[in-house]
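# Summary of the model geometry
Read off the chains here:
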Amino acid sequence: MSRYQFERIAQVLFTLANQLSTTAHQNIQQARSIVEREKIEKSLRASRERYKALTEVLPIGIFEIDIKGNILFANQAMFEMTGYNQNDLKLGLNIDKVISPEDQGKALYMMQDFFDGNEYKILRKDGSIFVGFVSFRSFVVESIQYLTGYIFDLSSIKEKEKALLESEEKLARSKKMESLGLLAGGVAHDLNNILSGVVSYPELILLDMDKDDKLRKPIERIMESGNRATAIVQELLTVARGVAITKEPVSINSLVEDFLNSPEFKQIKQFNPSVKFRIDLDSELFNVKGSSVHLRKVLMNLVYNAAEAIVGGGHVVISTKNCYLDRPVSRYNDVRQGEYALITVKDNGPGIADEDLERIFEPFYTKKIMGRSGTGLGLAIVWSIVQDHDGYIDVETSMNDGTAFKLFFPITREEEVTDSRSFNINDYMGNGEIILVIDDVQSQREISSNMLERLGYSVQTVSSGEEAVEYIKKQSVDLLLIDMIMEPGINGYETYKRIILIHPNQKAIIVSGFSETSDVKKTQDLGAGKYLKKPLTLEKLGVAIKEELKK
């Protein structure tokens, strides 16, 4: 029942009770004989019985009190709400036992013949409290004033209002994350195109440069800087959640052990010498299906944040275990029931303040000094990667016990695949095969052409999907290098879709700085091969082409 429905019923009952008392009083005053008086009183009693019978079937609390606040009548719903019973009524039950002391002054005011209702804290017999919407109305019978009251339990409505508010807040946060993600993705796409020259050309130059050339070191530094910039762009793409992630069976325990021997972890320990690290790994931990590169990034960001959160001395605990989820965790209304691998990173720092807890996963939200110890992307990246892996995040924080980030990933019983191959350019040289480069950006076509020619391939280029379709109508090629986003005109998916109508088994590799995962997947479902993110390297390009041509 809604509050509106309650108020309508209350108004009808008030009117009925008032009419009943007024009519009875008038009839009794007008009675001229004892017989007539007895007949009217009998009719009145019958009316009151019908009134009381009606109140027993209604889901709202109904009561009558005298001018001193003594409860004279209460229906079953009233007893169920408050925990009192008929014996309490017979022993004498006053309204001040039902309404919270802090609301009794407000109730006394409302009892002065006002119909408008209000919210009150209602006391149960056991001392517990619930919020009720209460309306009072006074009436007079034979010069004696009475009050009728109606109580509607607002607990369910309050819970629904709270759930609705939380849902609206989650939706607002989701839209904010989506908007920031789109912004990050757009910036990353443009930066990737720019960085292609910074990363790819130095690699080509170094291949033809003598080892003792005085320009070799500066060019290597340019390439290193480009690679670092590319890593930051990949973080933006991760936040945007528009990149295709290749998922394979991964051992989280192996990732933890690898990270503990990494230069990044050594740097964390160097910058935080007073922090001790404890490791507790479940030896029976199941694998998860995901990207080892992205999951390692999650671990690094959480450990970095945990170490920085500790003031003075303290410790960080990294632990793993198998678990079974059958109920929601924080930040999620529901979870998929099943088996999960849980990784926890816990610190004993000062904890996270309530006002910050709801915003910690927002991109660029940080309490650190921008540019010195963080960009504000760390936890946003963690959130995006966990979402992309169909996982969940639970955050437990206390001002006395620090903060624990718990990450749940669905398990897989597939075994981890290891790849020990090392890249040697001579193993991936072409033999004059014709490759058609399809890209709307001239500089990207030039970079790809130079790299492909260095690998021993014959190269043709076009600047749009439409040009590519017309080219294929006249001449066949061994492989396509397709950019996914081309403007104006058709995109990579539509281009490949039209081309395979001409050459059904056309080999292709997808290349893009940023792409909708669904477009990449749809293009691969049509028969295209690997997806390569810009900027390209000779190794990534050479390996992908060789594997595709061998199919």
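Note: the structure precedes this text.
The rules behind these values
Residues numbered from 1 in each chain as written. Predicted model: local features only at pLDDT ≥ 70, side-chain atom pairs only at ≥ 80, totals over all residues. Heavy atoms only, no water. Salt bridge = Lys/Arg side-chain N within 4 Å of Asp/Glu carboxyl O. Helix = DSSP H or I, 4+ residues; strand = E, 2+ residues; numbered from the N terminus. Buried < 20%, exposed > 50% of the residue type's maximum accessible area, 1.4 Å probe, protein only. Axes fitted to C-alpha atoms, helices over the stretch in contact; angles between N-to-C directions. Parallel < 35°, antiparallel > 145°, perpendicular 65-115°, else oblique. Left-handed = near helix turned anticlockwise from the far one by under 90°. Contact = heavy atoms within 4.5 Å. Nonpolar A, V, L, I, M, F, W, Y, C, P; charged D, E, K, R; others polar. Polar contact = N/O pair within 3.5 Å; in protein donor to acceptor, adjacent residues only side chain to side chain. Pairing = 2+ DSSP bridges. Phe/Tyr/Trp six-rings, centres within 6.5 Å; stacked < 30°, edge-to-face > 60°. Lys NZ or Arg CZ within 6 Å of the ring centre and 35° of its normal. Core = buried A, V, L, I, M, F, W, Y, C linked by side-chain atoms within 4.5 Å.

The next thing to look at is the pattern of salt bridges. Scanning the model with the defined rule gives 15 salt bridges in all. Across the pair Arg296 and Glu264 runs a salt bridge whose closest N-O atoms are separated by 3.6 Å. Note that Arg296 is positioned in helix α10 (residues 292–309) and Glu264 in helix α9 (residues 263–271), a separation of 32 residues in sequence. Of the charged contacts, one joins Lys473 and Glu470 as a salt bridge, the two residues approaching to 3.2 Å between their closest N and O atoms. With Lys473 and Glu470 both in helix α14 (residues 465–474) and three residues apart, this pair spans about one turn of that helix. Judged by relative accessible area, which is 53%, Lys473 ranks as exposed. Each of Asp258, Glu264 and Arg296 takes part in salt bridges that share partners, so that together they form one network.

Helix-helix packing is described using two parameters, namely the angle between the two axes and the distance between the axes. Interaxial distance between helix α8 (residues 252–260) and α10 falls to 10 Å at its minimum, and their mutual angle equals 60°. With respect to each other, α8 and α10 are oriented oblique. The two elements α8 and α10 cross, and the hand of that crossing is right-handed. Where α8 abuts α10, its residues Leu255, Val256, Asp258 and Phe259 lie against Ser292, Leu295, Arg296, Leu299, Met300 and Val303. When its residues are assigned to classes, the contact of α8 with α10 shows seven nonpolar, one polar and two charged.

What follows is about the side chain of Ser251. Here Ser251 lies in the loop between β6 (248–250) and α8. At 3.1 Å, the side chain of Ser251 and the side chain of Ser254 are in polar contact.

You can see Gln387 is positioned in helix α12 (residues 378–388). For Gln387, a relative accessible area of 23% gives the class partly exposed. Through-space distance from the C-alpha of Gln387 to that of Phe409 is 9.7 Å; in sequence the pair is 22 residues apart.

Attention shifts here to the sheet that holds strand β15 (residues 479–483). As summarised here, the arrangement of the five strands in space is β14-β13-β15-β16-β17, forming an open sheet in which the pairing is parallel. A strand with exactly one partner marks an edge of an open sheet, and here the two such strands are β14 (458–462) and β17 (531–533). In this sheet, adjacent strand axes meet at a mean angle of 20° when their direction is disregarded.

Turning to the side chain of Ser100, a few remarks are in order. Note on placement: Ser100 falls in the loop between α4 (86–91) and α5 (101–110). Given a relative accessible area of 4%, Ser100 falls into the buried group. Ignoring sequence-local partners within four residues, the contact set of Ser100 consists of Lys121 and Leu123.

The next thing to look at is the pairing of strand β9 (residues 314–325). Within a regular strand, side chains alternate between the sheet's two faces. Pairing between strand β7 (residues 275–280) and β9: six bridges, direction parallel. By the bridge assignment for β9, Val275 is matched with Gly314. As paired strands, β9 and strand β10 (residues 338–347) are joined by 10 bridges and run antiparallel to one another. Paired with Val316 across the bridge in β10 is Asp347.

So, about the packing of aromatic side chains. Under the defined criterion, the tally for this structure stands at three aromatic pairs. Plain terms: the ring middles of Tyr340 and Tyr392 are 5.9 Å apart, the flat faces sit at 55° to each other, and that makes the pair tilted. With Tyr340 in strand β10 and Tyr392 in strand β11 (residues 392–398), this residue pair connects regions lying 52 residues apart in the sequence. Given the relative accessible area of 3%, Tyr340 is considered buried. Take Tyr392: its relative accessible area is 5%, and that puts it in the buried class. For the cation-ring pair, Arg413 lies above Phe286, with the distance from its terminal atom to the ring centre recorded as 4.6 Å. Above the plane of the ring of Tyr493 lies Lys522, whose end atom (NZ or CZ) is 4.6 Å from the centre.

Tracing the backbone shows Ile381 in helix α12. Considered as a pair, Ile381 and Asn301 are 80 residues apart in the sequence and their alpha carbons are 8.5 Å apart.

In this model, Glu487 is joined to Pro488 through a cis peptide bond whose omega is -10°. Within the secondary structure, Pro488 sits in the loop between β15 and α15 (492–502). Positive phi is not limited to glycine here, since Asp390 has a value of about 60°. Locating Asp390 in the fold gives a position in the loop between α12 and β11. Residue classification places Asp390 among the partly exposed positions, given a relative accessible area of 41%.

A few words now on the nonpolar core. Formed by 40 residues in total, the largest nonpolar core has its most connected members in Phe405 and Leu407. Secondary structure elements with two or more residues in this core: α8, α9, α10, β9, β10, α12, β11 and β12 (402–412). Among the elements that make up this core, the one with the highest residue count is α10 (eight residues). In this structure, Phe405 is in contact with Leu302, Ile343, Thr344, Val345, Ile352, Ile360, Phe361, Leu379, Asp394 and Val395, ignoring residues within four places of it in sequence. One finds Ala468, Leu480, Tyr493 and Ala508 within the second-largest nonpolar core, a separate group that totals 21 residues.

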